[in-house]
Amino acid sequence: MLIAILVLFAVLSIVYNVATPLFEGPDEAAHFLYIDYLATGKGLPALDDAPREVLWEGLQQPPLYYALGALLTGWVERSDLRELLWHNPHRGGETGGINLYYHSTPEAFPYRGTTLAVHLARLLNTLCGVVTVLATFLAAREIFPRSAVFALGAAAVVAFNPQFLFTGGSVSNDGLLAMWCALGIWLLLRMLRRNDLSRRDALWLGLIAGLAAAAKSSGLAFAVPAALAVAITARRRRSWAILWRGCAAVTSGIILLGGWWYFRNLGLYGDPLARNGLIAIGADIIRPEALPLGETLVYSTWLQKSFWGVFGNGVLMDFAVYHALEVAMRVSLLGLAVWLVRQMVRRSADSVQWLSLGLLALWSGVIYLSLVRFMQTVDATNQGRLLFPAISALAILFLWGLSGFFPERLRVAPAVLASTGLLVLAVVVPFRYILPAYAHPPMRADLANEPAAAGMPVRFAEQIELLDYAITPLEVTPGNPIHVTLDWRCLAPLEASYKLFIHVLGYDGERLTQLDTIPYRGRFATVLWQPGQEFRDEYDLFITGKARPSIGRIQIGFFPWDDPGNRLSAFTPDGRLIGDHIDLAPFKIAPRTNERPAATTATHIAFGDIATLTGYDLQPVPAHAGEPLTWTLYWEAKMPPGVDYTVFVHVLDRAANIVAQQDMPPQGGNYPTSIWATGEFIADPRTLTLPEDLPAGTYALAVGWYEPGSGQRLPATAAGQPVPDGRAVVCALEVE
């Protein structure tokens with residue numbers, strides 16, 4: 001079974017390796033540039049002879065991992081490295097692309113050049129991961145020598161952690177450090193179990209402590225649990241020789257294998273960790289002032305998610321997955337407490353288990369506290385992978401806690417459940433989250449041949465062509481999404497990266513939704529488009545819950561990603577300039593409810609088969625010359641015509657002469673009759689300004705409908721009788 005877990009880890013790690021585009025792992029480009037620098041024979045980078053991009057990792061990271069990477073990849077021709085480091089300048093979130101770099105054909109299989117070298121360097125971490133999983137199994141067996149299932153479960157928790165698999169498929173020194181620390185924890189637990197430290201074991205312990213320090217500066221922390229375990233063993237054996245042997249081995253290993261690098265930094269930069277060097281190159285991740293502890297602890301809560309899986313530059317799993325994992329962690333903590341209480345009552349645990357629990361807790365705490373300090377001084381460090389030096393300890397503690405609710409004979413249950421659940425998640429992650437996050441759209445060859453909407457195609461600057469579009473549904477209520485499908489074709493190479501803007505407008509042109517995005521939800525920048533390519537681009541745009549019922553309009557266009565004011569011109573198929581955007585077909589923003597309004601005065605005047613005037617409100621009463629008059633008409637839609645009609649309002653004197661009037665669609669065109677639905681009630685407020693010289697007296701307010709193209713009025717019926725000329729007098733108006 002252990003072999004199966006190791007094989008599954010290796011296979012899955014390679015899957016993650018293949019699924020992740022080049023340089024999308026955490027700081028992967030900087031890690032590989034350090035490898036490349038060493039592989040070219042330039043020696044260790046220093047401030048006066050290495051480029052900033054190499055110094056980023058070259059100053060702060062010991063060289064062991066990078067030297068091994070250089071040995072592994074140095075034979076590969078890497079002249080295309082700079083070509084592949086094609087920065088995405090607008091990276092960030094869905095609209096700018098989650099990808100840190102653009103990715104194109106040279107990255108495709110079969111791998112060559114730098115692409116091959118990066119994938120080989122990633123395999124080094126896969127190998128480290130295999131050893132880490134094995135060391136976790138061996139460490140768990142030292143604690144529970146009679147429970148192979150528990151040890152297998154702990155190994156599986158490490159092997160099927162999606163973030164650890166992602167790290168195993170990336171270029172990073174985190175995997176190497178995790179391996180040395182996992183091996184070291186195993187040696188310490190074995191020392192506690194055997195209650196002895198032989199000369200050979202001391203040599204191995206010193207070697208691993210030194211290699212951990214040479215892998216990453218946080219590896220220095222391994223000296224803490226090593227010193228404690230040696231001291232405990234020496235006290236139990238009452239042996240000064242063991243204490244001397246162990247401390248000398250760890251100290252010598254660190255000094256001989258890793259110390260030289262820290263002394264070099266001290267001489268060059270006055271700081272063994274080279275922080276001064278990072279400040280000198282303008283590393284903006286160094287905080288000018290330490291973050292307060294309270295803020296740091298809040299900042300560190302992201303570790304609960306990123307320990308299990310936050311990939312690349314922010315590729316997330318479903319939050320339900322994080323919630324389930326967080327619940328499992330809390331259950332595990334409670335289970336540890338249950339185990340402790342049970343053992344204190346029954347006293348069934350042997351002393352080695354107590355010591356092992358303390359050692360694992362200490363090591364996990366040391367790594368967490370050192371990371372907290374690191375987060376206080378360095379930004380962008382609340383990353384779960386930085387806990388991986390303690391991943392074997394954390395995995396054992398996690399499963400130990402889950403097992404705390406079960407008697408020893410049933411300890412197989414949590415091991416099987418945790419292993420199976422994480423295995424399923426590990427298999428799903430590359431295909432559900434990582435691949436889609438970086439995927440380019442599938443290319444189509446049939447879009448130009450499909451029936452298109454009116455006015456299509458439209459061209460933008462003779463480079464981009466909108467072949468067709470679709471909007472669904474054509475009626476939406478506030479708080480719900482509308483789906484927009486855009487079919488694009490590239491007409492000519494684009495040297496600039498353009499953002500697509502999609503603006504949804506509502507009542508009086510209010511902007512309800514604004515999306516400025518690199519096409520295909522940030523994943524397919526225009527600089528990657530090739531002439532003749534056709535693809536479909538889809539978006540869900542949410543209509544704010546505060547939107548007023550109205551006709552909705554969608555405007556789209558393009559602008560350079562860093563210059564929103566310089567939009568591309570849009571042209572019709574015959575070359576006529578449209579403007580700097582195009583309007584798609586309108587849609588309806590419908591009211592959430594349809595209630596009959598409470599009108600001050602009720603009426604019943606029908607206009608054709610289209611609508612009935614059911615009432616009105618009039619303010620102010622009486623009216624005054626030269627001042628506005630607000631007349632709100634309440635309509636009930638009968639058989640909407642599907643076309644737009646205009647409503648006219650006339651103020652008539654005693655001779656039926658028009659002294660004031662207003663002609664406009666309902667709600668000023670915001671809610672035209674073309675979007676009305678049968679049985680719908682519509683409030684139609686209208687404001688007229690009466691002439692300043694209007695004499696005081698009694699006037700009449702009349703209303704009617706006409707078709708704007710022909711001017712043909714709709715017939716009107718009041719009290720069952722036809723109204724002459726389709727103009728219905730509704731009420732009298734007193735003017736003072």
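Keep in mind the model is a prediction, meaning the values are calculated, not measured.

1. Brief notes about the overall build of the chain
Secondary structure summary: the chain contains 20 helices and 24 strands in total. Since a compact globule built from 736 residues should have a radius of gyration of about 27 Å, the 36 Å found for the chain marks it as more spread out than a globular shape. Its C-alpha atoms give the chain principal-axis dimensions of about 120 × 65 × 50 Å. Buried positions account for 54% of the 736 residues belonging to the chain. Residue pairs in contact within the chain that sit at least 24 positions apart in sequence constitute 74% of those at least 6 positions apart. About 31400 Å² of surface is accessible on the chain, with carbon and sulfur atoms providing 60% of the total. Here the chain contributes 54 positive and 62 negative side-chain charges, whose respective centroids are spaced 19 Å apart.

2. Here we look at the side chain of Arg287
Assignment of secondary structure puts Arg287 in the loop between helix 14 (275-280) and helix 15 (293-299). Owing to a relative accessible area of 18%, Arg287 belongs among the buried residues under this scheme. Among the polar contacts listed, one links the side chain of Arg287 to the side chain of Asp379, at a separation of 3.4 Å. Among all residues touching Arg287, those that are not within four sequence positions of it are Tyr299, Met375, Gln376, Thr377, Val378 and Asp379.

3. What to know about the sheet that holds strand 16 (residues 611-619)
Strand order across the open sheet formed by six strands is 20-17-16-15-22-23, with antiparallel pairing between neighbours. Only two strands of the sheet have a single neighbouring strand rather than two, namely strand 20 (681-689) and strand 23 (721-723). Strand-to-strand twist in this sheet, taken as the mean axis angle between neighbours without regard to direction, amounts to 35°. As paired elements, strand 16 and strand 17 (residues 628-637) share eight bridges and run antiparallel to each other. Opposite Leu618, over in strand 17, you have Trp631 as the bridge partner.

4. Some thoughts on the packing of aromatic side chains
The tally for this structure, following the rule as stated, stands at 33 aromatic pairs. Ring centres of Phe524 and Trp529 lie 6.1 Å apart, and the angle between their planes is 25°; this geometry places the pair in the stacked category. Each member of the pair, Phe524 together with Trp529, is buried. Pairwise contacts between aromatic rings join Phe9, Phe164, Phe307, Trp308, Phe388 and Phe398 into one cluster. A cation over a ring is seen here: Arg287 above Tyr299, with NZ or CZ 5.3 Å from the ring centre.

5. Examining the packing of helix 19 (residues 391-403) against helix 20 (residues 412-438)
Two elements in contact, helix 19 and helix 20, have axes separated by 8 Å at closest approach and are oriented at 130°. In this view, helix 19 runs oblique relative to helix 20, as classed from their interaxial angle. The two elements helix 19 and helix 20 meet at a crossing, and its hand is right-handed. Residues Leu399, Leu402 and Ser403 of helix 19 form the contact with helix 20, whose own contacting residues are Pro414, Ala415 and Ala418. Of the residues contributing to the contact of helix 19 with helix 20, the split by class is five nonpolar, one polar and no charged.

6. With respect to the environment of Pro672
Among the structural elements, Pro672 can be located in the loop between strand 19 (658-664) and strand 20. If sequence neighbours within four positions are ignored, Pro672 has contacts with Ile551, Asp644 and Pro666.

Rules and cut-offs
Residues numbered from 1 in each chain as written. Predicted model: local features only at pLDDT ≥ 70, side-chain atom pairs only at ≥ 80, totals over all residues. Heavy atoms only, no water. Helix = DSSP H or I, 4+ residues; strand = E, 2+ residues; numbered from the N terminus. Rg over C-alpha atoms; globule rule 2.2 N^0.38 Å. Buried < 20%, exposed > 50% of the residue type's maximum accessible area, 1.4 Å probe, protein only. Contact = heavy atoms within 4.5 Å. Areas by Shrake-Rupley, 256 points an atom, 1.4 Å probe, with all protein chains shown as cover. Lys, Arg positive; Asp, Glu negative; His and termini not counted. Charge placed at Lys NZ, Arg CZ, Asp CG, Glu CD. Polar contact = N/O pair within 3.5 Å; in protein donor to acceptor, adjacent residues only side chain to side chain. Pairing = 2+ DSSP bridges. Axes fitted to C-alpha atoms, helices over the stretch in contact; angles between N-to-C directions. Phe/Tyr/Trp six-rings, centres within 6.5 Å; stacked < 30°, edge-to-face > 60°. Lys NZ or Arg CZ within 6 Å of the ring centre and 35° of its normal. Parallel < 35°, antiparallel > 145°, perpendicular 65-115°, else oblique. Left-handed = near helix turned anticlockwise from the far one by under 90°. Nonpolar A, V, L, I, M, F, W, Y, C, P; charged D, E, K, R; others polar.

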